[in-house]
Amino acid sequence: MTEHISTPFTAESTAAQVVAGIDLTGRRAVVTGGASGIGVETARALAGAGADVTLAVRDIAAGQRAAAEITADTGNGRVVVAPLDLTDRASVAAFTANWDGPLHVLVNNAGVMATPHTRTADGWELQFATNHLGHFALTRGLHRALASEGARVVSVSSSAHLWSPVLFEDVHFTERPYDPWLAYSQSKTANVLFAVEATRRWEADGITVNSLMPGAIETNLQRHLAEEELRQLRSVLEARGMRWKTPQQGAATSVLVATSPLLEGVGGRYFEDCAEALPHQPGTSRGVAAHALDPETAARLWEVSEKILAG
C-alpha cells in the first residue's frame with residue numbers, strides 16, 4: 001500500500017478545475033446516468049478535456065438533450081447517447097455487446113436512493129440491483145475493452161456506506177423488514193467493496209478501480225424523499241459537519257479519480273473531497289468504514305454477485 005493520497009483540490013473545487021490542463025483527446029469514456037445531476041457534470045468535464053463520451057442512460061430523450069448541451073458548451077461533437085437500464089440484464093448485455101474498441105474511463109455514476117420497496121423483474125431489491133449488480137455486470141462485460149491502456153473505473157459510492165455493511169444472509173430483504181436507508185447503505189458499501197476486489201483481480205490487466213463520496217448535492221437522486229425527510233437529512237448531515245455542494249463541485253471527485261495523474265496505478269481506494277479518505281471517525285459522516293475495505297468481504301461479494309447474476 002502506497003502512502004495516503006492528497007491533491008491540490010478541495011471540497012470547493014469543481015470538475016472543470018480538476019481536469020484543467022489534462023488532455024483526454026483520443027480517450028473514450030462512458031458515464032452511466034450521464035443525463036442529469038453530477039453525471040452530466042462529469043460528462044461535461046470529460047468532454048471539455050477532449051474525451052469521446054458516451055452517456056449511458058435509461059431516458060434517451062434526456063440523454064440527447066444533455067449531449068447537445070455538452071457539445072454546445074465544450075465544442076466537442078463526440079458526445080453520444082446509448083440506452084442502458086441497469087436493472088435489466090438484457091439491456092446491460094446489449095450495451096456491452098455493442099461496445100466496440102477500447103474503453104479508457106468508465107464512470108459508474110447512475111443510482112437510486114431510498115426508494116419504496118421495489119423488486120426488479122428478477123426479484124432483486126431495486127437499490128442493490130441498480131447501484132451494485134447492474135454496474136457489476138456492466139463492468140465485467142466491458143472487461144476486455146478496459147483491459148487495454150491503463151483504464152480507470154470510477155465507482156460512485158456515498159457516506160451512507162457507513163450505516164450498513166452488506167448483509168449477505170438477506171441482501172434482497174426477503175426475510176427482514178425493508179428499510180429504504182439500510183438498502184441504500186448496503187448498496188453503497190457494495191460500490192466500495194467492488195473497487196477493492198476489481199482492482200485486485202484486474203490490476204495486472206492495467207485496470208484500476210476506485211470509489212468515492214461525491215458529497216451532499218441536491219439532485220433528482222432525492223426524488224423519493226418527502227419534504228420532511230429531506231429536511232431531516234439536511235439537518236443530520238449539517239450537524240455532522242457536511243456542507244452542501246453544487247453539482248459541479250459534486251462531480252469533482254469523480255473526475256479526479258477518472259483523470260488525475262496523481263492516481264496513476266492507484267486502485268482499491270475510497271476518496272472524498274478530492275483526496276483519499278481517512279478511516280471513519282464515529283460521530284461524523286466523513287471517512288471510510290473498515291467494513292467497506294475488507295478484502296475478504298470484497299472477494300465474497302464478487303462471488304455472491306456472480307451467483308446472483310447467473311441465477
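Our structure is the block above this text.
Keep in mind it's a predicted model, so treat the numbers as computed, not measured.

S.K.: How should the packing of aromatic side chains be read in this particular structure?
M.R.: Aromatic rings in a pair are described by how distant their centres are and how their planes are angled relative to each other. Tallied over the full model, the rule gives eight aromatic pairs. On the basis of an interplanar angle of 80° and a centroid distance of 4.9 Å, the ring pair of Phe-136 and Trp-302 is categorised as edge-to-face. Taken together, the residues Phe-136 in helix 5 (residues 126–141) and Trp-302 in helix 12 (residues 295–310) connect sequence positions 166 residues apart. Given the relative accessible area of 3%, Trp-302 is considered buried.

S.K.: Please clarify how the pattern of salt bridges should be interpreted in this entry.
M.R.: Working definition: two side chains of opposite charge can pair if their charged atoms are close together. As enumerated under the stated definition, the model contains 14 salt bridges in all. Between Arg-140 and Glu-306 there is a salt bridge whose closest N-O contact spans 3.4 Å. Of the two residues, Arg-140 is situated in helix 5 and Glu-306 in helix 12; the sequence distance between them amounts to 166 residues. You can call Glu-306 partly exposed: its relative accessible area is 29%. Residue Arg-286 pairs with Glu-272 through a salt bridge whose shortest N-O separation is 3.5 Å. Of this pair, Arg-286 sits in the loop between strand 10 (275–276) and helix 11 (290–293) while Glu-272 sits in strand 9 (residues 270–272); the two residues are 14 residues apart in sequence, bridging distant segments of the chain. Residue Arg-286 is classed as partly exposed on the basis of its relative accessible area of 40%.

S.K.: Mind showing me how you'd approach the side chain of Thr-54 here?
M.R.: With respect to the helices, strands and loops of the structure, Thr-54 is situated in strand 2 (residues 52–57). Residue Thr-54 is classed as buried on the basis of its relative accessible area, which comes to 8%. When near neighbours in sequence (up to four residues on either side) are disregarded, Thr-54 contacts Ala-29, Val-30, Val-31, Val-80, Ala-82, Phe-95 and Trp-99.

S.K.: For this particular structure, what's the right way to read the packing of helix 5 against helix 12?
M.R.: Describing two packed helices takes the angle between their axes plus the distance from one axis to the other. Running from amino to carboxyl end, helix 5 crosses helix 12 at an angle of 90°, the nearest separation of the two axes being 11 Å. When the axis of helix 5 is compared with that of helix 12, the two are roughly perpendicular. Contact residues: Phe-128, His-132, Leu-133, Phe-136, Ala-137 and Arg-140 in helix 5; Leu-301, Trp-302, Ser-305, Glu-306, Ile-308 and Leu-309 in helix 12.

S.K.: Sorry, what's going on with the sheet that holds strand 5 (residues 152–156) here?
M.R.: Adjacent strands of a sheet form backbone hydrogen bonds with each other and so pair up, either parallel or antiparallel. What the eight strands build is an open sheet, ordered 3-2-1-4-5-6-9-10; its pairing is mixed. The sheet terminates laterally at strand 3 (79–83) and strand 10, the two strands that pair on one side only. Set on the sheet, helix 2 (residues 37–48) makes contact with strand 1 (28–32), strand 2, strand 3, strand 4 (105–108) and strand 5; between it and strand 1 the angle comes to about 170°. Where helix 7 (residues 180–202) meets the sheet, it contacts strand 4, strand 5, strand 6 (208–213) and strand 9, and its direction lies at approximately 160° from that of strand 6.

S.K.: Got a minute to help me understand the environment of Gly-37 in this structure?
M.R.: Considering the arrangement of structural elements, one finds Gly-37 in helix 2. In sequence terms Gly-37 and Ile-217 are 180 residues apart; their C-alpha atoms lie 8.5 Å from each other.

S.K.: I would appreciate a short explanation of empty space enclosed by the protein in the present structure.
M.R.: Unfilled space is identified by rolling a water-sized probe across the atoms. Tallying each qualifying case throughout the model produces two cavities of 30 Å³ or more. Around the largest cavity, the lining residues are Leu-86, Thr-87, Asp-88, Arg-89, Val-92, Trp-124, Leu-133, Gly-134, Ala-137 and Leu-309. Those elements giving two or more residues to the lining of the largest cavity turn out to be helix 4 (89–98) and helix 5. Sorting elements by how many residues they give to the lining of the largest cavity places helix 5 first, with three residues. Its residues assigned to classes, the lining of the largest cavity shows six nonpolar, two polar and two charged. Considering only enclosed or pocket space, the second largest cavity measures out at about 50 Å³ in volume. Within the residue set of the lining of the second largest cavity, elements represented by two or more residues are helix 5, strand 5 and helix 7. With four residues, the top contributor of residues to the lining of the second largest cavity is helix 5. Counted by class, the lining of the second largest cavity contains three nonpolar, six polar and no charged residues.

What counts and what doesn't
Numbering of residues starts from 1 in every chain and runs along the sequence as written. Per-residue local features of the predicted model are confined to residues with pLDDT of at least 70, and side-chain atom pairs are confined, for both listing and counting, to 80 or more; whole-chain, interface and lining totals are unaffected and use all residues. In computing side-chain properties, one takes all heavy atoms of the structure into account and sets aside hydrogens as well as water. Only Phe, Tyr and Trp rings are paired, with Trp represented by its six-membered ring, and only when their centres lie within 6.5 Å; those with planes under 30 degrees apart are stacked, over 60 edge-to-face, the remainder tilted. Comment: elements are numbered from the N terminus, with helices defined as DSSP H or I runs of at least four residues and strands as E runs of at least two. Burial classification: accessible surface area is computed with a 1.4 Å probe over protein chains only, and a residue below 20% of its type maximum counts as buried, one above 50% as exposed, and the rest as partly exposed. For salt bridges, the criterion is a side-chain nitrogen of Lys or Arg within 4 Å of an Asp or Glu carboxyl oxygen. Contact between two residues is taken to exist if any of their heavy atoms lie within 4.5 Å; hydrogens are not considered. A fitted line through C-alpha atoms serves as each axis, taken over the contacting stretch for helices, and the angle formed by two N-to-C directions is quoted from 0 to 180°. Every angle not falling under 35 degrees, over 145, or within 65 to 115 is termed oblique; those three ranges are roughly parallel, roughly antiparallel and roughly perpendicular. Two strands qualify as a pair provided DSSP detects at least 2 bridges between them. Lining residues are defined by having an atom within 4 Å of a point belonging to a cavity or pocket. Those points lie on a 1 Å grid over the protein atoms alone, cavities being sets where a 1.4 Å probe fits but cannot get out and pockets being open sets with protein on both sides within 12 Å along at least five of seven lines. Grid points are joined across faces, edges and corners, and a volume is the space filled by probe spheres set on the points. Amino acids are sorted into nonpolar (Ala, Val, Leu, Ile, Met, Phe, Trp, Tyr, Cys and Pro), charged (Asp, Glu, Lys and Arg) and polar (every other residue, Gly among them).

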